[in-house]
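Summary of the model geometry
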Amino acid sequence: MYRFFVEPEQIGEEAVSITGKDVNHIKNVLRMKIGETVLVSDGSDREYICAIRQFNEDEVIVDIEDINGQTRELPIKVTLFQALPKGDKMELIIQKMIELGAYQIIPMSTKRCVVKLDAKKAAAKTKRWNAIAESAAKQSKRGIIPQVYEPVTYGQALQMAEDMDMVLIPYEEAENMEHTRQIVSEIAQGMNVGIFIGSEGGFAKEEIEMAQQSGAKEITLGKRILRTETAGMMLMSVLMYFMEE
C-alpha cells in the first residue's frame, strides 16, 4: 500500500486533500483508480487508511476509512551524528538509517573529514538529503519524515547532544563487548539516544576525549573495523532489535 505525507491542515474529519508533486505521482506514475486504498500520514506518526474518492486538477481527495495509532516508530528517538564521508556515501547512510528507524540525522565536520562544504554546497546537499529521507520514509512506511540537518561542527554536535539521555560513540580502543552490552541494556523506552560515527579516518583522540567530557559512552562494535557507512547501520540495527515493540 502506498504512503503519502500531508500537512495537518490538509486532514479533515472525513477526508484528506493530497496536493503537490504527489498528485502527479498518484495519477500519472502509479495510475491509481478511484476506490484504491492509500496510507496518509501527517508526519506525527498517525496513520490514516484512506480510499481515493476524487481526482481534481491539482489535488486528490481521499476518504478516511480508519486511523492507526503510533505503530511504526521505535519507542526511543535515535539521532545519528554522522561525520561527512567521501563521495555519495552520505546518501546511502541516510536512506538506510531512516529505513532502520533513525529519528533525525545531523551531518558533522570532524578533524579527519576529507569533505569540506561551503554554505552554498551545504544547502544544496541538505536539500537533496532531505528528499532522500522523505523517499526512504515513504518506502519503509514510517509515521514521520526524519529531518536531515545542515552540517555542523563537531563541537556544535556535542552541544546538541548534551540534553540527550545517552550518547554512544563507537571507538576501536573501547572496552570489550560485555561492557558494550551493559551500556546498551541501560537504554529504556522514551529515551533520546545519540550515535556519533566518525569519517573514514575515524575520530581523533582529542575528539574522543571531548566526547567523554560531554558524557558520551565509548562502545565497541566488535573485533572487526567497520566502514563509516556500515558502523551506524550496525548499531542502529542492534538498537532496533532490542527496542522494537
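In short, a report on the structure. Since the structure is predicted, the reported quantities are computational estimates derived from the model, not experimental observations.

1. What about the overall build of the chain?
Along the chain, the regular secondary structure elements total 7 helices and 12 strands. Expressed along its principal axes, the backbone C-alpha trace of the chain runs to roughly 60 × 40 × 30 Å. Put simply, of all contacts in the chain between residues at least 6 apart along the chain, 74% involve residues at least 24 apart. Total accessible area computed for the chain in this model is approximately 12900 Å², and 47% of it derives from carbon and sulfur atoms. Both charge centroids of the chain, one from 29 positive and one from 38 negative side chains, sit 8 Å from each other.

2. Remarks on the environment of Gly222
Note on placement: Gly222 falls in the loop between β12 (217-219) and α7 (228-243). Sequence separation between Gly222 and Lys86 is 136 residues, and the spatial gap between their C-alpha atoms is 24 Å.

3. Concerning the environment of Leu39
Among the structural elements, Leu39 can be located in strand β3 (residues 37-41). Note on Leu39: relative accessible area 4%, which makes it buried. A sequence separation of 27 residues divides Leu39 from Asp66, and the C-alpha atoms of the two residues are 9.8 Å apart. In contact with Leu39, not counting residues within four places along its chain, are Met1, Tyr2, Arg3, Phe4, Glu47, Tyr48, Ile49, Arg72 and Lys141.

4. Topic: the sheet that holds strand β5 (residues 60-68)
Sheet architecture is open: 5 strands sit in the order β1-β3-β4-β5-β2, paired in mixed fashion. Of all the strands in the sheet, just β1 (3-5) and β2 (15-18) have a single pairing partner and so form its edges. Averaged over neighbouring strand pairs, the angle between their axes works out to 40 degrees when direction is ignored. Two elements, β2 and β5, share 4 bridges in a ladder whose sense is antiparallel.

5. Focus on the packing of helix α2 (residues 89-100) against α7
Following both chains from N to C, one finds α2 and α7 inclined at 5 degrees, their axes separated by 10 Å at the closest point. Taken as axis vectors, α2 and α7 run roughly parallel relative to one another. Side by side, α2 and α7 meet where Lys89, Leu92, Ile93, Lys96, Met97 and Leu100 of the first sit next to Thr228, Glu229, Gly232, Met233, Met236, Ser237 and Met240 of the second. Split by residue class, the contact of α2 with α7 holds 7 nonpolar, 3 polar and 3 charged.

6. Observations concerning the packing of α2 against helix α3 (residues 119-139)
It is at 8 Å that the axes of α2 and α3 come closest, and there the two elements cross at 30 degrees. Viewed along their axes, α2 and α3 form a crossing whose handedness is right-handed. Here Met90, Glu91, Ile94, Gln95, Ile98 and Glu99 of α2 lie close against α3, whose contacting residues are Arg128, Trp129, Ile132, Ala133, Ala136, Ala137 and Gln139. Classifying every residue of the contact of α2 with α3 gives 8 nonpolar, 2 polar and 3 charged.

About the criteria used
- Starting afresh in each chain, residues are numbered from 1 along the sequence in its written order.
- Since the coordinates come from a predicted model, pLDDT governs what is reported: local features require at least 70, and pairs of side-chain atoms require 80 or more to be given and counted, while whole-chain, interface and lining totals use all residues.
- Note that the side-chain values use all heavy atoms of the structure and ignore hydrogens as well as water.
- A helix here means a DSSP run of H or I that spans at least four residues, while a strand means a run of E at least two residues long, and both kinds are numbered starting from the N terminus.
- Residue contacts follow a heavy-atom distance rule, with two residues in contact if any of their heavy atoms lie within 4.5 Å.
- Here the accessible surface of atoms and residues is derived via Shrake-Rupley with a 1.4 Å probe, and residues count as covered only by protein chains that are part of the display.
- In this tally, Asp and Glu contribute negative charge and Lys and Arg positive charge; neither His nor the terminal groups of the chain are included.
- In plain terms, the charge of a residue is placed at NZ if it is Lys, CZ if Arg, CG if Asp and CD if Glu.
- In this scheme, a residue with accessible area under 20% of its type's maximum is buried, one over 50% is exposed, and one in between is partly exposed, where area comes from a 1.4 Å probe on protein chains only.
- Pairing between strands is defined by DSSP: at least two bridges between them are needed.
- Geometry is summarised by axes, namely lines fitted to C-alpha atoms with helices restricted to the contacting stretch, and by angles between N-to-C directions that run from 0 to 180 degrees.
- Reported orientations rely on four angle classes, namely roughly parallel under 35 degrees, roughly antiparallel over 145, roughly perpendicular from 65 to 115, and oblique for the rest.
- All amino acids are sorted into three groups, where Ala, Val, Leu, Ile, Met, Phe, Trp, Tyr, Cys and Pro are nonpolar, Asp, Glu, Lys and Arg are charged, and the leftover types, Gly among them, are polar.
- We call a crossing left-handed when the near helix sits turned anticlockwise from the far one by less than a right angle, and right-handed when that turn is clockwise.

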